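Structural overview for review
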Amino acid sequence: MRSQRSILDSSVCKRLALVAIPLELTGGAETVLNLVAHELASRSEWDVEIAVLGRQLKEQIVEPKGSGVRFSYGYGGGKILSEFFLVPRLVRRRYDLVFSSHTRVNSFLAAARTFGVVRTSRLVARESTVLLDRFAGVRALAYRMLYSTYGSQDMIVAQTDYMKSKLINVLPQRVFGKLSVIPNPVDAESIAAKSVHELTEQDAKIFAERPQIVWCGRLIDVKRPKIAIDVLAELRKNAGDFGLTMIGSGPMDAELRVYARELGLAAYVNLTGQRDNPFPLFRAARAGLLTSISEGFPNVILEMMACGVAGIVTTPCAGDLHLLQGIEIAAEFGAAELASALMRVIETGDRSTHYGKALALRSPRAFVDRLLGKDRPA
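This report concerns the structure included in the present document. Note that the structure is predicted; figures quoted are calculated from it, not measured.

Here we look at the sheet that holds strand S12 (residues 312-314)
With respect to topology, six strands assemble into an open sheet ordered S10-S9-S8-S11-S12-S13, the strand pairing being parallel. The open sheet has two edge strands, strand S10 (269-273) and strand S13 (328-329), and neither has a second partner. Direction of pairing for strand S9 (residues 243-247) relative to S10: parallel, over a ladder of four bridges. Bridge pairing links Ile 247 to Gly 273 in S10. Sheet contacts for helix H10 (residues 225-239): strand S8 (212-216), S9, S10 and strand S11 (287-290); angle to S9, the most-contacted strand, approximately 165°.

Observations regarding the packing of H10 against helix H11 (residues 253-262)
Where H10 contacts H11, the axes come no closer than 10 Å and their chain directions differ by 20°. Taken together, the axis directions place H10 and H11 in an arrangement best described as roughly parallel. Regarding H10 and H11, the two cross each other, and that crossing is right-handed. Between H10, through Pro 225, Lys 226, Ile 229 and Asp 230, and H11, the contact on the second element is made entirely by Glu 255, Leu 256, Tyr 259 and Ala 260. In the contact of H10 with H11, the residues fall into five nonpolar, no polar and three charged.

Details of the pattern of salt bridges
Scanning the entire structure with this criterion turns up 20 salt bridges. Between Arg 70 and Glu 49 there is a salt bridge, and its shortest N-O distance comes to 3.8 Å. Placement of Arg 70 in strand S3 (residues 69-73) and of Glu 49 in strand S2 (residues 46-52) is noted, with a sequence separation of 21 residues between them. You can call Arg 70 partly exposed: its relative accessible area is 32%. With relative accessibility at 2%, the residue Glu 49 sits in the buried group. Between Asp 241 and Arg 210 there is a salt bridge; the shortest N-O distance is 2.8 Å. Of this pair, Asp 241 sits in the loop between H10 and S9 while Arg 210 sits in the loop between helix H9 (201-209) and S8; the two residues are 31 residues apart in sequence, bridging distant segments of the chain. Note on Arg 210: relative accessible area 16%, which makes it buried.

Overview of the state of the cysteines
In a disulfide, the sulfur atoms of two cysteines are held together by a covalent bond. For the structure shown, the criterion picks out zero disulfides. Here Cys 216 stays unpaired: no disulfide links it, and the sulfur of Cys 307, its closest cysteine neighbor, is 9.8 Å away. Taking the relative accessible area as the measure of exposure, Cys 307 reaches 2% and is therefore buried.

Side note on the side chain of Thr 120
Inspection of the secondary structure assignment puts Thr 120 in the loop between helix H4 (103-114) and strand S5 (123-126). Residue Thr 120 is classed as buried on the basis of its relative accessible area of 8%. A polar side-chain atom of Thr 120 sits 3.4 Å from the main-chain carbonyl oxygen of Tyr 95. When sequence neighbours within four positions are dropped, the list of residues in contact with Thr 120 reads Tyr 95, Asp 96, Leu 97, Val 98 and Arg 113.

Quick notes on the pairing of strand S6 (residues 155-158)
What you see with S6 is no split at all: Met 155 and Val 157 on one side and Ile 156 and Ala 158 on the other are buried throughout. Two strands pair when backbone bridges link them, and S5 and S6 are joined in this way by three bridges, in the parallel orientation. Note on S6: the bridge partner recorded for Val 124 is Met 155. Two elements, S6 and strand S7 (residues 179-181), share three bridges in a ladder whose sense is parallel. Across the sheet, residue Val 157 finds its bridge partner in S7, namely Ser 180. In the classification by handedness, the crossover that spans S6, the intervening helix H7 (residues 161-167) and the parallel S7 is right-handed.

Reading guide: rules and limits
- Residues numbered from 1 in each chain as written.
- Predicted model: local features only at pLDDT ≥ 70, side-chain atom pairs only at ≥ 80, totals over all residues.
- Heavy atoms only, no water.
- Pairing = 2+ DSSP bridges.
- Helix = DSSP H or I, 4+ residues; strand = E, 2+ residues; numbered from the N terminus.
- Contact = heavy atoms within 4.5 Å.
- Axes fitted to C-alpha atoms, helices over the stretch in contact; angles between N-to-C directions.
- Parallel < 35°, antiparallel > 145°, perpendicular 65-115°, else oblique.
- Left-handed = near helix turned anticlockwise from the far one by under 90°.
- Nonpolar A, V, L, I, M, F, W, Y, C, P; charged D, E, K, R; others polar.
- Salt bridge = Lys/Arg side-chain N within 4 Å of Asp/Glu carboxyl O.
- Buried < 20%, exposed > 50% of the residue type's maximum accessible area, 1.4 Å probe, protein only.
- Disulfide = S-S within 2.5 Å.
- Polar contact = N/O pair within 3.5 Å; in protein donor to acceptor, adjacent residues only side chain to side chain.
- Right-handed = clockwise from strand over helix to strand, strands pointing away.

Listed below in structure tokens is the structure:
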């Protein structure tokens with residue numbers, strides 16, 4: 001009887017966390033949300049639920065289940081108004097932590113807490129990107145309205161100092177004191193372990209034919225995947241026989257295939273589509289490339305660092321990139337500047353020995369400790 005009571009008391013005393021996510025998709029924000037959920041679940045005192053706003057997908061692209069995290073689902077595609085499907089789940093429990101990372105969801109949870117729908121000891125909102133750098137007009141006005149509802153959070157997380165400075169321009173003054181800059185986490189150990197998986201026969205053949213530059217992201221305008229093909233053209237003119245492996249899916253897939261053919265590069269551009277585990281391709285690449293026009297902070301750079309990519313080149317698309325020792329930041333956003341940066345990386349040799357300090361400072365444990373209000377990461 002005493003043993004049963006001890007088990008029951010332990011269960012009752014567990015702290016409850018809810019992590020809200022629109023859909024189980026691969027993306028920077030979704031990666032962070034999953035890291036937080038699984039880090040909390042690894043701590044014996046926490047009971048963690050990932051509340052997906054939309055329906056359950058046939059194939060989950062986020063971290064697999066079975067690691068102590070419970071999942072609940074709403075309906076539809078996780079788009080606007082789907083956050084209201086959270087209400088039945090929110091009113092059933094009192095939480096110790098509620099965490100989200102999409103502005104629309106952040107706004108809803110702030111308002112819901114104000115009106116007593118969300119009962120939590122701690123509400124933390126992370127900002128996913130610098131929205132008003134990306135959008136103007138009616139859409140920018142809509143985001144400003146969402147930001148006006150912020151206020152009931154205990155902490156608002158910016159990924160970089162630049163993001164914090166931009167948020168101060170749009171958030172109500174009453175929340176300025178709640179803004180904190182916490183660099184994005186990366187599970188470097190897990191990524192490194194996945195990166196040593198064997199390449200498929202087709203991938204191994206492509207990477208054996210010529211050195212590959214690897215690009216990874218959604219095939220959408222803000223990521224500028226066409227520029228990556230232009231960079232390859234410049235690189236092949238000036239530095240020899242290189243190929244480009246592009247990992248990801250999106251609406252620009254067909255356009256990119258046509259563009260590669262038009263430039264006579266179809267044989268040298270390898271569009272892989274979405275990969276559950278892109279890390280072996282990172283590890284096998286000669287260099288990594290990021291071409292985005294704007295990012296909150298590009299997690300893919302951290303993932304490439306964790307895989308030990310010999311050199312990484314990025315556009316100046318986010319704040320605090322200069323803090324990542326060993327990466328090369330192009331002077332401008334054009335193909336010529338990016339190709340020049342790649343040539344410098346190729347000529348200077350392996351830079352991966354410089355990555356360790358930045359990765360060590362960005363552990364999931366340290367990130368979660370900061371979310372919980374601890375002044376310094378563990």
